[in-house]
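One-letter residues, chain by chain:
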Amino acid sequence: MIELEGVPELIDPVMVAAFEGWNDAGDAASTAVAHLDREWKGEVFAALDAEDYYDFQVNRPTVWLDGGVRKITWPTTRLSVVRIGGEKPRDLVLVRGIEPSMRWRSFCNELLGFAHELGVEMVVILGALLGDTPHTRPVPVSGVTSDPDLARTMDLEETRYEGPTGIVGVLQEACTHAGVPAVSLWAAVPHYVSQPPNPKATLALLNRLEDLIGLRIPLGELPEDARAWQLGVDQLAAEDSEVAEYVQTLEEARDTAELPEASGEAIAREFERYLRRRDVGPGQSPGGHATESGDASYLRDTSSGRTRPPKPVRPDADGDAGPGSPPTGGPGRRQVADKEDDDGDGDDGNPEDPEDSSKD
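Residues numbered from 1 in each chain as written. Predicted model: local features only at pLDDT ≥ 70, side-chain atom pairs only at ≥ 80, totals over all residues. Heavy atoms only, no water.

**Here's the deal with the state of the cysteines**
Cysteine pairs can be covalently joined through their sulfur atoms, and such a bond is termed a disulfide. Stated formally: By convention in this document, the label disulfide applies to cysteine sulfur atom pairs within 2.5 Å.
Under the definition given, this model contains zero disulfides. Among the cysteines around C175, which has no disulfide bond, C108 carries the closest sulfur, lying 7.5 Å off.

Below is the structure:
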């Protein structure tokens, strides 16, 4: 049973969700939701029961000291609400957690129960995948949906993907069957520098989210972090001629593929974003604040914050990761050439790639 005591009536709420794990290359998606929560000072009002969905041998709880008292933080999924100020205030319901280990259908139904009770108008799920994309170019972000009408009205791709999926794909389909408009935004992370954090991919997801829901998002230090990240990767790639040559090949392929778009919609979209940020009037707040009410009572969760992403460093040459999760190898690794398409089908190895024409 869902209880929402202390949560005031929300204004045009949109649910924004991200999950650590298989669908979160470079931690780009989960960091984006953490950024929204931090910038708008969200407070957690609900948390799913960790016993129902997580294998604690896979996602272990952590022990910490609070004034000398030992406490345990359990891995779970938490929901918070933030109210965006301005002439037309609205609310965001932020969902941040870990991809569940079990009972995915019950997990999605519970989130949809919260969406129904809160009057959520649309669900936006953020994800990040590994791709053959150069770190020197803008991060590709694809917006996909299973709803043909939503794809047409919001200029999104109608997903045609077939194959293994993660909680992002399952939740999107659950929303569709429940009649809740749902969109997934996917950022492509370079597979040769996939270790977290990736502030450039996080920034790209937030910019795309701005366009989708029509809100200005305070970016804080993310642009500076993204520039520092790219400079750091440039330096690492320059130390290995094989990697530098591979990056140049990706750049040429990307530039050739995007040449027609560069003269049309992409430029117009960037110019519109520039104008929105430039024309914020003195009476309009560029950011927002957490929902406040004399009757509101939120459960504070001080353990869910995230610190500013560190600058990139050379990864451990022995790092590795499981299927579908970001490998920990970086630009200094000789395995970069092995990451290219092994079977000649154009697939970069990520099974949830919405841009993979072989699966669309």
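Anyway, onward from the coordinates.
**Side note on the packing of helix α3 (residues 104–118) against helix α5 (residues 167–177)**
Rules: Here an angle of 0 to 180 degrees is reported between the N-to-C directions of two axes, which are lines fitted to C-alpha atoms, with helices fitted over the stretch in contact. Helix and strand labels come from DSSP, where a helix needs a run of H or I of at least four residues and a strand needs a run of E of at least two; each type is numbered from the N terminus. An angle below 35 degrees is treated as roughly parallel, one above 145 as roughly antiparallel, one from 65 to 115 as roughly perpendicular, and anything else as oblique. Each crossing is labelled by how the near helix is turned from the far one, with a counterclockwise turn of less than a right angle marking it left-handed and a clockwise turn marking it right-handed. Only heavy atoms enter the contact rule, under which two residues are in contact if any of them lie within 4.5 Å.
Taken N-terminus to C-terminus, the directions of α3 and α5 make an angle of 55 degrees; their axes are 10 Å apart at the nearest point. Classified by the angle between their axes, α3 and α5 sit oblique to one another. Handedness of the α3/α5 crossing: right-handed. Contact residues: α3 offers W104, F107, C108, L111 and L112, while α5 offers I167, V170, L171, A174 and C175.

**A few points about the environment of L36**
Position of L36 among the secondary structure elements: in helix α1 (residues 28–39). Distance from L36 to L94, taken between C-alpha atoms, is 8.0 Å for residues 58 residues apart in sequence. If sequence neighbours within four positions are ignored, L36 has contacts with V16, L94, L206, L209 and I217.

**Some details on the side chain of S146**
What counts, and what does not: Here a polar contact means two N or O atoms within 3.5 Å. Within protein one must be a hydrogen donor candidate and the other an acceptor candidate, and residues neighboring in sequence count only if both atoms are side-chain atoms.
As for its placement among the helices and strands, S146 is situated in the loop between β8 (141–145) and α4 (148–153). Within the structure, the side chain of S146 is placed 3.3 Å from the side chain of Q172, a separation counted as a polar contact. Within the structure, S146 has its side chain in polar contact with the side chain of E173 (distance 2.3 Å). Look past the residues within four positions of S146 in its chain and what remains in contact with it is E158, T159, Q172, E173 and T176.

**Description of the nonpolar core**
Generally speaking, nonpolar side chains in soluble globular proteins are found buried as a group. Test applied: Here, nonpolar core refers to any group of buried Ala, Val, Leu, Ile, Met, Phe, Trp, Tyr and Cys residues whose side-chain atoms link them within 4.5 Å. Three labels apply to residues, based on accessible area from a 1.4 Å probe with only protein chains included: buried if under 20% of the type maximum, exposed if over 50%, partly exposed otherwise in between.
Counting residues in hydrophobic clusters, the biggest one holds 40 residues, and the most contacted among them are V16, L92, V124, L126, L185 and I213. Of all elements in the fold, only β1 (14–20), α1, β5 (78–84), β6 (90–98), β7 (122–131), β10 (182–190), α6 (199–213) and α7 (222–238) reach the threshold of two or more residues within this core. It is α6 that provides the largest number of residues to this core, a total of eight residues. Beyond its immediate chain neighbours, meaning those up to four positions away, L126 contacts V16, A17, A18, A29, A32, V33, V168 and L185. Core analysis: the next-biggest nonpolar cluster, separate from the first, contains 38 residues, C108, V120, W186 and A188 among them.

**Examining the packing of aromatic side chains**
As a reminder of what qualifies: Stacked, edge-to-face and tilted are the three classes for Phe, Tyr and Trp ring pairs, Trp counted by its six-membered ring, which pair at centre distances within 6.5 Å; planes under 30 degrees apart are stacked, over 60 edge-to-face, the rest tilted.
One pass over the structure, following the stated rule, counts five aromatic pairs. Taking 6.3 Å as the distance between ring centres and 70 degrees as the angle between the ring planes, the aromatic pair formed by F45 and F114 counts as edge-to-face. Separated by 69 residues along the polypeptide, F45 in strand β2 (residues 43–47) and F114 in helix α3 bring together distant segments of the chain. When the centroid spacing of 4.9 Å and the interplanar angle of 50 degrees are considered together, the rings of F56 and W74 count as tilted. Remark: W74 occurs in the loop between β4 (69–73) and β5 and F56 occurs in the loop between α2 (50–53) and β3 (62–66); sequence separation between them is 18 residues. Ring pairs connect the aromatic residues F19, Y53 and F107, which therefore count as one cluster.

**Concerning the environment of V14**
Within the element layout of this structure, V14 appears in strand β1. Separated by 79 residues in sequence, V14 and V93 have C-alpha atoms that sit 6.1 Å apart. With residues near it in sequence (within four places) discarded, V14 still touches R90, D91, L92, V93, V120, M122, V124 and I213.

**A look at α3**
In plain terms, the rule: Multiply 1.5 Å by the residue count of a helix minus one, and that product is the helix's expected span.
Between its first and last C-alpha, α3 extends 21 Å over 15 residues, near the 21 Å set by a 1.5 Å rise per residue. Every buried residue of α3 is accounted for by F107, C108, L111, L112, G113, F114, A115 and L118. Buried-residue contacts for α3 involve β1, β2, α2, β5, β6 and α5. Backbone geometry just after α3 places G119 at a positive phi near 75 degrees.

**Thoughts on the confidence of the model for the chain**
Rules: In predicted models, pLDDT denotes the confidence assigned by the predictor to each residue on a 0 to 100 scale.
Scored by pLDDT, the chain comes out at a mean of 78, with 70% of its residues at no less than 70. Taking the mean pLDDT of every element in the chain, the minimum, 36, falls on strand β11 (residues 289–290) and the maximum, 97, on β1. Between residues 280–351, whose pLDDT stays under 50, and residues either more than four places distant or in other chains, the model counts 148 contacts. Every residue in residues 353–360 scores below 50 in pLDDT, and together they form 23 contacts with partners more than four places removed in sequence or on other chains.

**Examining unusual backbone geometry**
For the bond from P196 to P197, the omega torsion is -5 degrees, close enough to zero to count as cis. Within the secondary structure, P197 is located in the loop between β10 and α6. For K41, which is not a glycine, the phi torsion comes out positive at approximately 50 degrees. Counting through the fold element by element, K41 comes out in the loop between α1 and β2. The class of K41 is exposed, set by a relative accessible area of 59%. Positive phi values are uncommon outside glycine, yet R103 reaches one of about 55 degrees. Here R103 is to be found in the loop between β6 and α3.

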